[in-house]
Amino acid sequence: MIVLEKRPQPSKAWSYATPLVAVVATMVFGGLLFAILGKNPIEAIGTIFWEPLFGEFAFYYRPQLLVKGAPLVLIAIGLSLGFRAGIWNIGAEGQYIMGTIFGAGAGLAFYPMEAWFIFPIMIFAGAFGGWLWATIPAFLKVRFGTNEILVSLMLVYVAEQFLASVSLGLLKNPEGFGFPGSRNLQSYESAHNAELIAGSGMHWGVVAAFIAVIFSYVLLNRHMLGFHIRLTGEAPRAAKFAGVNPARLILFCLGLSGALAGLAGMFEVSGPSGVVSIDFNVGYGFTAIIVAFLGRLHPVGILLAGGLMALTYIGGEIAQSQLGLPAAAIQVFQGMLLFFLLAFDLLTNYRIRAARSEVA
Amino acid sequence: MTTPLLSLQGLTKAYPGVVANDQVSFDIGEGEVHALLGENGAGKSTLVKMIYGLVKPDSGTMLLRGQNFAPPEPRAARSDGIAMVFQHFSLFDALNVAENIALGMENPPPMGDLASRIREVSETYGLPLDPYRTVGDLSAGERQRVEIIRCLLQDPKLLIMDEPTSVLTPQEVNILFETLNKLRSEGTSILYISHKLEEIRTLCDHATILRLGKNVGECIPAETSARDMAEMMVGSTLQTPERSGRDFGEVALDVSGLSVPSPSEFGTALRNVHLTVRKGEVLGIGGVAGNGQDELLGVLSGEIQTPADAIKFNGQAIGMLGPTARRKIGVLTAPEERLGHAAAPDMSLTENALLTGSVREGLESSGFLKWNETKQFAEKIIDAFDVRTPGPENAARSLSGGNLQKFVIGREVLQNPDVLVVNQPTWGVDAAAAASIRQAILDLAAKGTAVVCISQDLDELMEISDSFAALNEGRLSAPREATGLTVDEIGLMMGGAHGMEVAHV
């Protein structure tokens, strides 16, 4: 018989190895899935992981990695701080939408004026929108003890209604021939989050994501606040004993993750997307949860995980169009990644041992 | 020679990294009160778990009245007449006594019959208990009675009691002993686990002493001095903490008229607590667990805030200050629960040193952490308090209870507090470590720190306290000078017998 035995302390080696093992297991079982669907598994896996980076059209796909990875990393960094403290913001998608609406709204309010300060104002407004949306569950939790998981998740659907409303009303392009959706911010220079180097995919959102990674790393490892965040997650009672004010921490963590999600939305709408539309959000806020865990809630890990996730997105699209894999199969593939990660996670705290002839 | 009731032969049980029991053999005779004596971690619990069928031995055999006995689970042990009263009760607060007892039975009789049987047994053995009272309202001693009656209803041949007196006042202990004596006179054998030597000397017929999992000796307790037994238990000569007579300074900590509602549903509210501690004085606070100890510590540490005036430090009102602000002015605390309250289990010792040390040791500057200094502080604690660990980078949970406790106490002591409040400073700690912790507390007091020591170990309190008070249902008795207090007086301060009666033998 096999037994699990608790390690005296978490294994450092396994905590680094599990994401890699999870990726390998995902490739194996994903390949199996693709084989059952009648595709050549090696070709399919190769398409997903190789094609975007080194394939024939890599010059087109590589910038896409940055474009898709940046919002994931930006949101996941914010979420990871809360997750570390045991504060579960599941509604980043809604905060992302609100950041989009506020950011784009602020920019469009100045249309057609051209000025240098418009883009900074939009950044601020986007962060504010996300912050505001995340502060609702934070406030309700602090004041009435509501569950932030439920409240933040529900607010995603409220935000989606807002998005539909402004796409059809407040922010609708007056010159859009009645079609839903806002003016294209890409053609409004002061509000356009353009690529910093043409063709590189590098826009301000990517810069913000890198800054967030560094900021989060410093916060968690070098600052008292980061220590308190980790302490609260590890042992809430010890945190209280250490002098942490739980209410303030909840407001900070949820607020910051909301602000970062809002920023991600704002950079997306003013850059790669350009238009506020009913179907603007594509699930970055939810995928970022996977990214945060895949990256072990560690800033550098999240950076790598964001890249990996973006790769499976892009590779998945290629596999869909070239090999005719169904979209659902790609989603299952991405889901497997989180599943295996959580499963192998057990090995950081436990070791597997063949049991001797005893029944304890 | 008559066949013993239970004979243990070469019982061995190993856990990863530690041999909990190594070739342990002894016999328990019919109608004998047999003491199992040993320090924390000596392997007493593992041994009785094997007898009770909770743990299966790696090797060795047990004979019950000459028959091979290897219970695969507690149910089998119970049907063979083994009953056990655990140190930690497994009772549901929201249910009444009879319901709790019925839950532990295979085929509970109708509630009315059960209640009358509970009454019958409780009267026979001098353990008065109303079957319809809600367990949440009972005192610790009364809860223990529920557990004992639950066992007695099975008509056991062997009753195992794990540290039964740790939750009792001295008066309640006497009552319990009357009950146990009556059981013995009826032929029931009792395996009595304890590390309290005087109790064993009064009660037990025979004692087996365990040290580091091995049977290191047997004795007739009534004929052996407590000191000899202690040395067998510890394996070396005991150091008793030294205290020098000293003068007390001005009042450092002054709590007056403090009332705090219970922070949780089955917690204890503090009611009109008054206490003063002078510089250099050690105030010992006794009392049975669950009478407001955790709440009192929380109030003094700043985790629970109170009206500002209720707590004064050197005349300054500090009731509204949180833990960090109190540390800054020199009021430090060490809670009872090591893992999860005083220390974060999965964090390293360095990080745990930071947990309370950041303010006074200057381990941060404008919010940024000084990891080098923190590591040095952790190493200083490890050196000064002889904490056995490979180094400060190890997780708190990898340390043994005693070592972690030394770390947790050392962390506060080394910060030179003006007031130090400790709760159960030597709980679950081996004798040598306990002695060094007590010595550290006394040394600190000698340097002028006002110390409040909350503990359930009366011997410990008598050893280190200058004055003594007891908590009972959230009320603190008026503090009295510790020298000259008799056990009876202490017992009365702790709430006496809580209305219990002596068994009518």
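Anything mentioned here points back to the structure above.
Calculation rules
- Residues numbered from 1 in each chain as written.
- Chains lettered and ligands numbered in written order.
- Predicted model: local features only at pLDDT ≥ 70, side-chain atom pairs only at ≥ 80, totals over all residues.
- Heavy atoms only, no water.
- Patch = residues over 30% accessible without salt bridge, like charges linked within 9 Å, V, L, I, M, F, W, Y side chains within 5 Å.
- Areas by Shrake-Rupley, 256 points an atom, 1.4 Å probe, with all protein chains shown as cover.
- Salt bridge = Lys/Arg side-chain N within 4 Å of Asp/Glu carboxyl O.
- Helix = DSSP H or I, 4+ residues; strand = E, 2+ residues; numbered from the N terminus.
- Buried < 20%, exposed > 50% of the residue type's maximum accessible area, 1.4 Å probe, protein only.
- Expected span 1.5 Å × (residues − 1).
- Bend = angle between axes of the 7 residues up to and from the residue.
- Pairing = 2+ DSSP bridges.
- Contact = heavy atoms within 4.5 Å.
- Axes fitted to C-alpha atoms, helices over the stretch in contact; angles between N-to-C directions.
- Buried area = accessible area lost by both parts, 1.4 Å probe.
- Polar contact = N/O pair within 3.5 Å; in protein donor to acceptor, adjacent residues only side chain to side chain.
- Nonpolar A, V, L, I, M, F, W, Y, C, P; charged D, E, K, R; others polar.
- Phe/Tyr/Trp six-rings, centres within 6.5 Å; stacked < 30°, edge-to-face > 60°.
- Core = buried A, V, L, I, M, F, W, Y, C linked by side-chain atoms within 4.5 Å.

Engineer: What exactly am I supposed to notice about a nonpolar patch on the surface here?
Structural biologist: Together, Ile214(A), Tyr217(A), Val218(A), Val300(A), Leu304(A) and Phe368(B) make up a nonpolar patch on the protein surface, roughly 550 Å² of accessible area in all. When contributions to the nonpolar patch are tallied by element, the ones reaching two or more residues are helix H8 (204-222) and helix H13 (299-323) of chain A. It is H8(A) that contributes the most residues to the nonpolar patch, 3 residues altogether. A residue is classified by how much of its surface remains accessible, and Ile214(A), at 55% relative accessible area, is exposed.

Engineer: How should I be thinking about helix H4 (residues 58-84) of chain A in this particular structure?
Structural biologist: Residues separated by three or four positions in an α-helix point in the same direction, a consequence of the helix having 3.6 residues per turn. Residues and elements named next belong to chain A. Helix length check: H4, at 27 residues, gives a terminal C-alpha distance of 36 Å against a target of 39 Å (1.5 Å per residue), a fit within 8%. At Gly69, H4 shows its largest kink, close to 30°, and the proline Pro71 lies no more than four residues downstream. Most of H4 is tucked away: 21 of the 27 residues are buried. Just beyond H4, the residue with positive phi is Gly86, at close to 75°.

Engineer: What is the right way to look at the sheet that holds strand E4 (residues 59-64) of chain B in this model?
Structural biologist: Backbone-to-backbone hydrogen bonds pair the strands of a sheet. The strands run either parallel or antiparallel. Residues and elements named next belong to chain B. Reading across from one edge, E2-E1-E4-E5 is the order of the 4 strands in this open sheet, with antiparallel pairing throughout. What marks the edges here is a single partner per strand, and that holds for strand E2 (18-28) and strand E5 (67-68). Bridge count between strand E1 (residues 6-15) and E4: 5 bridges; the pairing is antiparallel. What sits directly across from Thr12, in E4, is Ser59. Strand contacts of helix H1 (residues 44-51): E1, E2 and E4, with the helix running at about 120° to E1, the strand carrying the most contacts.

Engineer: Looking at this structure, I do not really get the interface of chain A and chain B. What am I missing?
Structural biologist: For interface size, the figure often reported is the accessible area lost on association. Contact residues are listed per partner, giving 27 residues for chain A and 40 residues for chain B. In total, about 2,600 Å² of surface goes out of reach between chain A and chain B, with carbon and sulfur atoms giving 56% of it. Considering only the surface of chain A that becomes buried against chain B, Met224(A), Arg237(A) and Phe241(A) emerge as the three largest contributors, covering 27% of it. Where chain A touches chain B, the interface holds 1 salt bridge. Where Arg230(A) meets Glu351(B), a salt bridge forms, and the shortest distance between an N and an O atom there is 2.5 Å. Counting every contact that joins chain A to chain B gives 10 residue pairs in polar contact (both at pLDDT 80 or more). Among the secondary structure elements, those contributing two or more residues to the side of chain A that touches chain B are strand E1 (2-6), H8, helix H9 (224-234) and helix H10 (236-242) of chain A. Among the residues making up the side of chain A that touches chain B, the classes are represented as 12 nonpolar, 5 polar and 10 charged.

Engineer: Please explain the packing of aromatic side chains as it appears in this structure.
Structural biologist: Each aromatic ring pair is summarised here by two numbers: the centre-to-centre distance and the angle between the ring planes. Counted by the stated rule, this structure contains 23 aromatic pairs over all chains. When the centroid spacing of 6.4 Å and the interplanar angle of 50° are considered together, the rings of Phe57(A) and Phe59(A) count as tilted. Note on Phe57(A): relative accessible area 39%, which makes it partly exposed. Arranged with centres 6.5 Å apart and planes meeting at 75°, the rings of Phe227(A) and Trp371(B) form a pair that is edge-to-face. Placement of Phe227(A) in helix H9 and of Trp371(B) in helix H12 (residues 371-384) is noted, with the two residues assigned to different chains. There is no split in this pair, since Phe227(A) and Trp371(B) are both buried. One aromatic cluster in this structure is built from Phe29(A), Phe339(A), Phe340(A) and Phe344(A).

Engineer: Sorry, what's going on with the nonpolar core here?
Structural biologist: For soluble globular proteins, nonpolar side chains are generally found buried alongside one another. Leu180(B) and Tyr192(B) are the most contacted members of the largest nonpolar core, which has 206 residues in total. Of all hydrophobic cores here, the second largest spans 29 residues; its members include Ala252(B), Val277(B), Leu296(B) and Val452(B).

Engineer: So what exactly am I meant to see when it comes to the side chain of Ser182(A) here?
Structural biologist: With respect to the helices, strands and loops of the structure, Ser182(A) is situated in the loop between helix H7 (148-168) and H8. With sequence-adjacent residues up to four places away left out, Ser182(A) is seen in contact with Leu108(A), Leu171(A), Lys172(A), Asn173(A), Gly274(A), Val275(A) and Val276(A).

Engineer: Mind showing me how you'd approach the pattern of salt bridges here?
Structural biologist: Close approach of charged atoms lets side chains of opposite charge pair. Residue and element names in this part refer to chain B. What the rule picks out here adds up to 25 salt bridges over all chains. Residues Asp130 and Arg119 are paired through a salt bridge, measuring 3.8 Å at the closest nitrogen-oxygen approach. With Asp130 in the loop between helix H4 (111-124) and helix H5 (140-152) and Arg119 in helix H4, the pair connects residues that are 11 residues apart, well separated along the chain. Judged by relative accessible area, which is 34%, Asp130 ranks as partly exposed. When its relative accessible area of 37% is taken as the criterion, Arg119 is described as partly exposed. Across the salt bridge formed by Asp205 and Arg184, the nearest N and O atoms sit 2.6 Å from each other. Taken as a pair, Asp205 in the loop between helix H7 (197-203) and strand E9 (206-211) and Arg184 in helix H6 (residues 170-185) lie far apart in primary sequence, 21 residues in all.

Engineer: Would you mind going over the side chain of Thr47(A) with me for this structure?
Structural biologist: Residue and element names in this part refer to chain A. Tracing the backbone through its elements, the reader meets Thr47 in helix H2 (residues 41-49). Overall, Thr47 belongs to the buried group, its relative accessible area being 6%. In this structure, Thr47 is in contact with Pro52, Gly315, Ile318, Ala319, Gln322 and Leu323, ignoring residues within four places of it in sequence.

Engineer: How do you make sense of the sheet that holds strand E7 (residues 158-162) of chain B when you look at a structure like this?
Structural biologist: Residues and elements named next belong to chain B. Strand order in the open sheet made by the 6 strands is E6-E7-E8-E3-E9-E10, with mixed pairing throughout. At either end of the open sheet lies a strand with only one pairing partner, and these are strand E6 (82-85) and strand E10 (214-219). Adjacent strand axes in the sheet meet at a mean angle of 20°, parallel and antiparallel pairs treated alike. In this structure, E6 lies alongside E7, joined through 4 bridges in parallel fashion. Paired with Val85 across the bridge in E7 is Met161.

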